Amino acid sequence: MMRKPFVAGNWKMYKTVAEARHLISELVPGLQAIDAVEKVLCPPFTALLAAAALLEGTDIGLGAQNMHWELSGAYTGEISPVMIAELCRYVIIGHSERRTYFGETDDTVNRKVQAALAQGLTPIVCVGETLEENEAGQTADVVARQVRLGLSGLSGVIEQAGAGAFVVAYEPVWAIGTGRPSTAQGAAKVVREIIRPVLAELFGDMTAQGVRVLYGGSVNAKNAAEFFAEAEIDGALVGGASLKAAEFIQIVQAAAG
Ligand code: 13P
């Protein structure tokens, strides 16, 4: 099963509109030259409009970092799937920073994933265990639960939309922003032994083999190729290193093989 490599930059809470414009202008020429990879930039909400204009006519996708699940309503400070879909094709859902600092649960992740798919957005669904869970030997249980509950009730939608309709990112929390990535083999083992089997349970074997599963957590230009050399790892969700144009382009090049 051929899965097109996928690399997304999660800018987190970095870059003003002016800074975003500058970074995108540095990224576009280098990224556009790399056809073999699906490339996505996820700036903060405030920069999405400017980013959408700069990326128009390129093959570089735009994603949001979060959204609400309701289409509209009295939810001060929230952004709806309809608003995201006006500007973006992708949306990150359930990032560990959302789970840790903003009370997101498997239930809210599931609502958001359903809402994203209903708007034709491609959700990038994040899962991963904390250091404490890892050390307690709970990785398999935690990751399986997050995938199972986060993606529950979607079999009909995915049957229609296909395996490309969503992406899963395995981001062990202890590897995020720490400069201490998982080993490539360790990450591949979680994908092979936990994530794909749960996807198969939910959507069938064929679909499970077609879903792109990314690794995230301290990916940089030096280590990216090791992750991409693993057959089970289809790309990366990159934080800090996605804020540096030359380094992000090198990571995308590594994914192209
Ligand atoms: P870092 O690449 O900065 O570790 O962040 C990873 C991440 O959280 C991407 O979503």
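As shown above, the structure is provided for reference.
We now turn to the structure provided with this report.

Basis of the calculations
Residues numbered from 1 in each chain as written. Predicted model: local features only at pLDDT ≥ 70, side-chain atom pairs only at ≥ 80, totals over all residues. Heavy atoms only, no water. 1 Å grid on protein atoms, 1.4 Å probe; cavity = no way out; pocket = protein on both sides within 12 Å on 5 of 7 lines; lining within 4 Å. Points joined across faces, edges and corners; volume = space filled by probe spheres on them. Helix = DSSP H or I, 4+ residues; strand = E, 2+ residues; numbered from the N terminus. Nonpolar A, V, L, I, M, F, W, Y, C, P; charged D, E, K, R; others polar. Phe/Tyr/Trp six-rings, centres within 6.5 Å; stacked < 30°, edge-to-face > 60°. Buried < 20%, exposed > 50% of the residue type's maximum accessible area, 1.4 Å probe, protein only. Core = buried A, V, L, I, M, F, W, Y, C linked by side-chain atoms within 4.5 Å. Contact = heavy atoms within 4.5 Å.

### A word on the layout of surface pockets
In this approach the atoms are scanned with a rolling probe the size of a water molecule, which exposes any empty space left behind. The volume enclosed by the largest pocket comes to roughly 420 Å³. Lining the largest pocket we find 15 residues, and of these K12, M13, Q65, R98 and F102 sit closest to its centre. Ranked by the residues each element gives to the lining of the largest pocket, the list is headed by helix α4 (residues 96-101), at three residues. Here the residues of the lining of the largest pocket sort into seven nonpolar, five polar and three charged.

### Quick word on the packing of aromatic side chains
Here the structure, examined in full by the defined rule, presents four aromatic pairs. Taking 6.4 Å as the distance between ring centres and 85° as the angle between the ring planes, the aromatic pair formed by Y101 and F102 counts as edge-to-face. Across the pair, F102 and Y101 agree in class, each one exposed.

### Topic: the nonpolar core
If you look at the biggest cluster of nonpolar residues, it comprises 74 residues, and the most contacted ones within it are V7, L27, L41, L151, V168, I195 and L199. The element contributing the most residues to this core is helix α9 (residues 184-203), with ten residues. Residues in contact with L199, not counting those within four places in the same chain, are V147, L151, F166, V168, G204, A208, V211 and V213. Listed in part, the twelve residues of the second largest apolar core include A8, C42, I124 and C126.

In short, geometric facts, not functional conclusions.
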